[in-house]
Amino acid sequence: MRRPGVLITGASGEIGHGLISRLAQDSSTTIVTLDVRGLEAAQGRMVHREIIGSITDTSALERILAEFDIDHVYHLAAYLSTRSEFTPVTAHQVNVEGTMNLLEFAQKQAESHGRPVIFLYPSSIAAYGMPDLETKAKSGRVREDEFNTPTTMYGCNKLYCEQLGRYYARHYKQLSAEPMAGRVDFRAVRFPGLISAVTVPSGGTSDYAPEMIHAAAKGEPYACFVRPDTRIPFMAMPDAIEVLLKLAFAPRTSLTKTAYNVGAFNPSADEVRAVVAKNFPGADISYKVDAKRQGIVDSWPADVNDSAARADWGFAPQYDFDRAFSEYLIPMIRERYAK
Ligand SMILES: NC(=O)c1ccc[n+]([C@@H]2O[C@H](COP(=O)([O-])OP(=O)(O)OC[C@H]3O[C@@H](n4cnc5c(N)ncnc54)[C@H](O)[C@@H]3O)[C@@H](O)[C@H]2O)c1
């Protein structure tokens, strides 16, 4: 008998860290992880099987298929936006071919147990490509079907994988008269920049906001790599974890989109600097614009229209800008570095 469980790829990353803690609150959930990096010791104790390996290696997935009856896949493994621009061919292999391997894995799992496998895919605001700053300023809260013209390898990978997922969910070979039986039930969410109090990001282009906060808390100087007026949407990490779980357990019949926008607050870089400086009075924050990274963030929308997520599956973030800082980021980050 194969053991029922959930699979998290990219589990050693920022989202994986929070997702493991959250899923482990239900001790009946068997958690299997796959990442090229090892888990932190505390997270390692919460999972049933930790596999160190790459999503590009199908033999690792075959081993999981042989041993576990997976009904939920949280496919988090990816090269993030800045890193992908430096190594676009490798990024494509990991982000696209790796996702294809996971979709095939989920399809085989679904066929073997005759039920749908729910496949959660964290897409990104990088799937958008605003043509210029004037259009970005005028467009306000963009809808899922607008400006789908990404300018980065990462954004192209995310947009294409949303489509691959839609193909597997709706058009891949049908094995049963039941609409979703033996199928991949693909559900994607386009995350904004995520800010965590417990992990530090690397390789993303929204990293300036979390980096600013963590540097100030450590008493280190920070040179922000985008202009003060740069504006994109953000979300606190606890809300991002709830998003994944809420979407995973939403009734299939209530879902009208393959990929949903979600947003929580959208401060400018200078508004983030101001709140950090207020909370950490000695903070030494300057600006040293990196033209390439600035270009990437300028191509992302200033805000997103997430009314479909709110209507279809009850998306309702708990943290707005003030609460994210006063009740989550500042107290937890202070505590983290005080230790
Ligand atoms: N953090 C954000 O702001 C944000 C925003 C939008 C979307 N996302 C998406 O959410 C997902 C998780 O993001 P995160 O912030 O936790 O990223 P992260 O970089 O912290 O974690 C990604 C993890 O994937 C692993 N990984 C990389 N290549 C791999 C491979 N070939 N095989 C197995 N594992 C591999 C890395 O070791 C890392 O632990 C990603 O798909 C990312 O694109 C994140």
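Owing to the predicted nature of the structure, the values given are computational and were not obtained by experimental measurement.

Topic: the overall build of the protein chain
- Scanning the protein chain from terminus to terminus reveals 13 helices and 13 strands.
- Across its three principal directions, the C-alpha atoms of the protein chain cover 60 × 45 × 40 Å.

Quick word on the sheet that holds strand S4 (residues 68–75)
- Taken in spatial order, the seven strands make up an open sheet running S3-S2-S1-S4-S5-S7-S11, and their pairing is parallel. Strands at the two margins of the open sheet, each flanked by one partner only, are strand S3 (49–52) and strand S11 (259–261). Each strand axis lies, on average, 20° off the axis of its neighbour in the sheet, ignoring direction.
- Here strand S1 (residues 3–9) runs beside strand S2 (residues 31–35); their pairing, made up of four bridges, is parallel.

A word on the domain arrangement of the protein chain
- You can read the domains of the protein chain as domain 1 (3–193 + 237–261) and domain 2 (195–234 + 265–302 + 320–334).
- Each of domain 1 and domain 2 was reduced to a C-alpha centroid, and the two centroids are 26 Å apart.
- Every contact between the two is made by 27 residues of domain 1 and, on the other side, 22 residues of domain 2.
- For the side of domain 1 that touches domain 2, the secondary structure elements donating two or more residues are helix H1 (14–23), helix H4 (81–86), helix H6 (133–139) and helix H9 (237–248).
- Grouping the amino acids of the side of domain 1 that touches domain 2 by side-chain chemistry returns 13 nonpolar, 10 polar and four charged.

What about the pairing of strand S7 (residues 184–191)?
- The buried count for S7 comes to eight of eight residues, which makes it a mostly enclosed element.
- Covered by surrounding structure in S7 are Val 184, Phe 186, Ala 188 and Arg 190 together with Asp 185, Arg 187, Val 189 and Phe 191, the residues of both alternating faces.
- In terms of strand pairing, strand S5 (residues 117–124) meets S7 through eight bridges, oriented parallel. If you follow Tyr 121 over to S7, its bridge partner there is Ala 188.
- In terms of strand pairing, S7 meets S11 through three bridges, oriented parallel. From the neighbouring strand, Arg 190 faces S11, where its bridge partner is Asn 261.

Focus: the site of the ligand
- Around the ligand lies a shell of 29 residues, among which Gly 10, Gly 13, Ala 78, Pro 122 and Phe 191 are the nearest.
- For the shell around the ligand, the secondary-structure elements that each account for two or more residues are H1, S2, helix H5 (88–113), S5 and strand S8 (193–195).
- No other element matches H1, which puts three residues into the shell around the ligand.
- Both domains that meet at the shell around the ligand, namely domain 1 (3–193 + 237–261) and domain 2 (195–234 + 265–302 + 320–334), each give it at least three residues.

Comments concerning unusual backbone geometry
- Phi is positive for Phe 147, close to 50°, though the residue is something other than glycine.
- Looking at where Phe 147 falls in the secondary structure, it is placed in the loop between strand S6 (141–142) and helix H7 (153–170).

Overview of the environment of Leu 7
- Summarising the element assignment, Leu 7 is placed in strand S1.
- For the pair Leu 7 and Thr 33, spaced 26 residues apart in sequence, the C-alpha separation works out to 5.7 Å.
- Aside from chain neighbours lying at most four places away, what touches Leu 7 is Val 32, Leu 34, Ile 64, Ile 70 and Val 73.

About the cut-offs
- Residues numbered from 1 in each chain as written.
- Predicted model: local features only at pLDDT ≥ 70, side-chain atom pairs only at ≥ 80, totals over all residues.
- Helix = DSSP H or I, 4+ residues; strand = E, 2+ residues; numbered from the N terminus.
- Pairing = 2+ DSSP bridges.
- Axes fitted to C-alpha atoms, helices over the stretch in contact; angles between N-to-C directions.
- Domains from an automatic or database assignment.
- Contact = placed C-beta atoms within 7 Å.
- Nonpolar A, V, L, I, M, F, W, Y, C, P; charged D, E, K, R; others polar.
- Buried ≥ 20, exposed ≤ 12 C-beta atoms within 10 Å, placed from the backbone.
- Near = placed C-beta within 6 Å.

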